[in-house]
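Single-letter residue listing:
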Amino acid sequence: MTTTSTAFPTIRTPRGPVPAGAPAWNPQRGSAMPHHRYRPAHERVEIPEIHREWPGRRIERPPLWVPVDLRDGNQALAEPMDTPRKRRMFDLLVAMGFKEIEVGYPSSSRTDFGFVRHLAESGVVPDDVTPVVFTAARRDLIEQTFASIQGMPRAVVHLYTATAPVWRDVVLGQDRAGLHALIREAAGHIGRLADAMPGTAVRFEFSPEVFNCTEPDFVLEVCNGLTRLWDASPDRPVIHNLPATVEIATPNLYADQIEYMHRHLERRDAVILSVHPHNDRGTGVACAELAVLAGAQRVEGCLFGNGERTGNVDLVTLALNLYAQGVDPMVDFSDIDVIRRTVEECNRLPVHVRHPYGGDLVYTAFSGTHQDAISKGLAHHERAAAERGVPVGEAPWAVPYLPIDPADVGRTYEAVIRVNSQSGKGGVAHLLRAHHGLDLPKALRADFSRVVQDATDRSGREATPKDLLELFRAAYAVEGGPVTLASWTADGAGFRCVLRRNDAAYEASGAAPADAVTAALAAAGIAVEVLERDGHTVEGGAVAYVRCRVAGACVWGAGEDAGAGTAFARAVLAAVNRALAG
């Protein structure tokens, strides 16, 4: 046997020794990649030892969701949104039910400043929605930010500064004391400007950027100092937002950091503990969920997770994860396709087809075993709803492979099962039944699935419901052949059948359709035994399925006609003609 290989000139297959102590079943070898250049999280930042309570908690209500698509998401776009696209995104977020929305970074560009002014001057912000504006800790940028919100009835001013050692040393050139003084000066200026703007109810937010890489005692020192400086109270709470700006550790360590802060922040009833996870390790959603278990009350993120590098945490996934656990997300996702299309238009970025809950293919099964389970599950769900006497959309959901009912987010069931070469009899049968009303007997499903697999293997393409009907009729409802039905009559005395073979007519009668057809075939010199028969009504008539023994071969046939008897006769003749042709 010869084998071929493809050369990958830049790939260096690990060739070192198998590590000592490795089990025999794991022959992996050390690679040449310089992993020694990177430090684990516990060497980069102190992870406080705490008696963890978050692992035993459950999320029973949603946090306050704060979409940052218009700020953090926007700054990650190759083509940042203009005012019309920003307004379209803002209107979508309001319509979905978000009550706090970060609307921009007014000092970053004329477009961002102009959009915040548009919101302030147009009166489009609902009374129960609070805009959030973002600013760095620089006096001139803070003043520009306050100029942008002039005339708004309410706003949150969000101050941020990077606090992690690498950022202090490399970017800011500040030690801890110097950076703390810079933050206090900026926060004091924000407080004074807010006092000078009595027409706007201003609340304050602070983000120690790269919180997850910062010493916990320093974060506490800065945050508690700002809580006092801004004189936070339960009726005017401060938001302390703790970002995993660059993910460096497993989500459980982020949860430990959040629980530590949750326990040690001063005036806890006057502090809203917020998180802003990014997705560098691909675990942003897990970080956010565990952070909520650990005490976070507010989550910042983007619809569908857009953001710098691998993105911000995905609010669609987070909220619908709660929904799948029976928790009301308090945001509306009942038309996920409208939401996705709007976000795609505003961001000019596609949402992946396998995106959780929102992707085009996320509710679609091609695998035969999955299709069979889903098909049975949907049928069982309909029966269970009928037994309870409730609509199918109100009955408890328990369908294999579908964590939520696609209909709850505006999807139909048409795309749940699709057929290609990986599919099986369950999916094929489901589509024939759902789209064409053909309910195949169990044994015929297996037989037809082989026909479909052969066709899809040869074409390499998906088979649509229309394709499946054409394949089925071509395979089983054979109209042409050496034996044809000349006439069929039924009266009180029974059934009369006239067949034609080789230009000769053969007539027979019987008390049942099977008697008349098999007798006429016997007269034509064809011995037929009907082994299995099934059928049902369809729109405009009836369909019959039969399995016959003809000349020692067992063959399926199908027939459709206005009456059940004629459909049966056509099914038997289809089986006979298939056998004679085979």
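Conventions used here
- For every chain, the first residue of the written sequence is number 1, and numbering continues from 1 onward in sequence order.
- Only residues with pLDDT of 70 or above have their local features reported here, since the model is predicted, and side-chain atom pairs are shown and tallied only from 80 upward, although totals for entire chains, interfaces and linings are computed over all residues.
- Hydrogen atoms and water are omitted, and side-chain values are computed over all heavy atoms in the structure.
- UniProt positions are given in the numbering used here, feature names are shortened, and annotations may be inferred rather than shown by experiment.
- Just to be clear on terms, a salt bridge is a Lys or Arg side-chain nitrogen sitting within 4 Å of an Asp or Glu carboxyl oxygen.
- What counts as a helix is a DSSP run of H or I of at least four residues, what counts as a strand is a run of E of at least two, and both are numbered from the N terminus.
- Accessible area is worked out with a 1.4 Å probe on protein chains only. A residue is then buried under 20% of its type maximum, exposed over 50%, and partly exposed in between.
- Should DSSP find at least two bridges between two strands, the strands are regarded as paired.
- Here a crossover is taken to be right-handed if, once the strands point away from the viewer, the path from the first strand over the helix to the second is traced clockwise.
- To estimate how far a helix should reach, multiply one less than its number of residues by 1.5 Å.
- The arc in question is formed by the directions pointing from the helix axis toward the C-beta atoms.
- Between two residues, a contact is recorded if the distance between any of their heavy atoms is within 4.5 Å.
- Polar contacts, as used here, are pairs of N or O atoms within 3.5 Å; protein pairs need one atom able to donate a hydrogen and one able to accept it. Residues neighboring in sequence count only if both atoms are side-chain atoms.
- Put simply, two rings from Phe, Tyr or Trp (the six-membered ring, in Trp's case) pair if the centres are within 6.5 Å, and we call them stacked under 30 degrees between planes, edge-to-face over 60, tilted for the rest.
- By definition, being over a ring means that NZ of Lys or CZ of Arg is both within 6 Å of the ring centre and within 35 degrees of the ring normal.
- The definition of a nonpolar core used throughout is a set of buried Ala, Val, Leu, Ile, Met, Phe, Trp, Tyr and Cys residues joined through side-chain atoms within 4.5 Å.

Identification of the protein as 2-isopropylmalate synthase from Microbispora maris is taken from an unreviewed UniProt entry. We quote the UniProt Cofactor (unreviewed entry) comment for the protein here in full: "Mg(2+)".

## Focus on the pattern of salt bridges
Scanning all chains against the criterion turns up 41 salt bridges. A salt bridge links Glu259 to Arg263, with the nearest nitrogen and oxygen atoms 2.7 Å apart. In this pair, Glu259 and Arg263 are both assigned in helix 9 (residues 251-264), 4 residues apart and thus about one turn of the helix distant. Accessibility expressed as a relative area gives 0% for Glu259, which makes it buried. For Arg263, a relative accessible area of 37% corresponds to the partly exposed category. Measuring nitrogen to oxygen at the nearest pair gives 2.5 Å for the salt bridge that ties Arg496 to Glu507. Remark: Glu507 occurs in strand 11 (residues 504-510) and Arg496 occurs in strand 10 (residues 494-501); sequence separation between them is 11 residues. Judged by its relative accessible area of 47%, Glu507 falls in the partly exposed class.

## Comments concerning the pairing of strand 7 (residues 271-277)
Most of strand 7 is tucked away, with 6 of its 7 residues classed as buried. Pairing of strand 6 (residues 238-244) with strand 7, which is carried by 7 bridges, proceeds in the parallel orientation. Of the residues in strand 7, the one forming a bridge with Leu242 is Val275. With helix 9 bridging strand 6 and its parallel neighbour strand 7, the resulting β-α-β unit is right-handed. Inspection of the sheet shows strand 7 paired to strand 8 (residues 298-301) by 2 bridges, in the parallel sense. Bridging from a neighbouring strand, Val275 pairs with Val299 of strand 8. Following the chain from strand 7 across helix 10 (residues 284-293) to the adjacent parallel strand 8, one finds a crossover that is right-handed.

## A few points about helix 3 (residues 83-96)
The end-to-end C-alpha distance of helix 3 is 20 Å, a good match for the 20 Å that 14 residues give at a rise of 1.5 Å each. Along helix 3, the positions that sit buried rather than exposed are Arg85, Lys86, Met89, Phe90, Leu92, Leu93 and Met96. When helix 3 is viewed along its axis, its buried side chains cluster within an angular range of 160° and face the same direction. For helix 3, the exposed residues lying more than 90 degrees away from the buried face are Pro84 and Ala95. Tucked into the core, helix 3 has its buried residues touching strand 1 (64-67), helix 2 (69-75), strand 2 (100-104), helix 4 (110-122) and helix 12 (336-347). The N-cap residue of helix 3 is Asp82: its side-chain oxygen and the backbone nitrogen of Arg85 are 3.0 Å apart. Residue Gly97 follows helix 3 closely and has a positive phi angle near 110°.

## Observations concerning the environment of Leu182
In this fold, Leu182 is placed in helix 7 (residues 176-195). Judged by relative accessible area, which is 30%, Leu182 ranks as partly exposed. Contacts of Leu182, omitting those with residues within four sequence positions, involve Ala137, Thr161 and Gln174.

## Thoughts on the environment of Gly410
In this fold, Gly410 is placed in the loop between helix 13 (368-388) and helix 14 (425-436). Residue classification places Gly410 among the partly exposed positions, given a relative accessible area of 39%. Distance from Gly410 to Pro17, taken between C-alpha atoms, is 55 Å for residues 393 residues apart in sequence.

## Considerations on the packing of aromatic side chains
This model, assessed by the stated rule, comprises 11 aromatic pairs. With centroids separated by 6.4 Å and ring planes inclined at 70°, the aromatic side chains of Phe472 and Tyr545 adopt a geometry described as edge-to-face. Of the two residues, Phe472 sits in helix 16 (residues 465-476) while Tyr545 sits in strand 13 (residues 541-550), which places them 73 residues apart along the sequence. For the pair Phe472 and Tyr545, a shared accessibility class is recorded, and that class is buried. An aromatic cluster of three or more residues is present, and its members are Phe448, Phe472, Tyr476 and Tyr545. Taking the ring centre of Phe134 as reference, the NZ or CZ of Arg71 above it sits at 3.5 Å. Cation over ring: Arg533 sits above Phe568, and NZ or CZ is 4.0 Å from the ring centre.

## Some remarks on helix 7
In this model, helix 7 (20 residues) spans 29 Å end to end at C-alpha, consistent with the 28 Å of a helix rising 1.5 Å per residue. All buried positions along helix 7 are accounted for by Leu179, His180, Ile183, Ala186, Ala187, Gly188, His189, Ile190, Gly191 and Ala194. Those residues of helix 7 hidden inside the fold are in contact with helix 5 (139-148), strand 4 (154-162), helix 6 (165-172), strand 5 (201-209) and helix 8 (216-229).

## Some points on the nonpolar core
With 117 residues, the main nonpolar core has Ile149, Ile258, Leu303, Phe333 and Phe472 as its most contacted residues. Among all residues touching Phe472, those that are not within four sequence positions of it are Leu432, Leu438, Leu440, Leu444, Phe448, Ala477, Tyr545 and Ala558.

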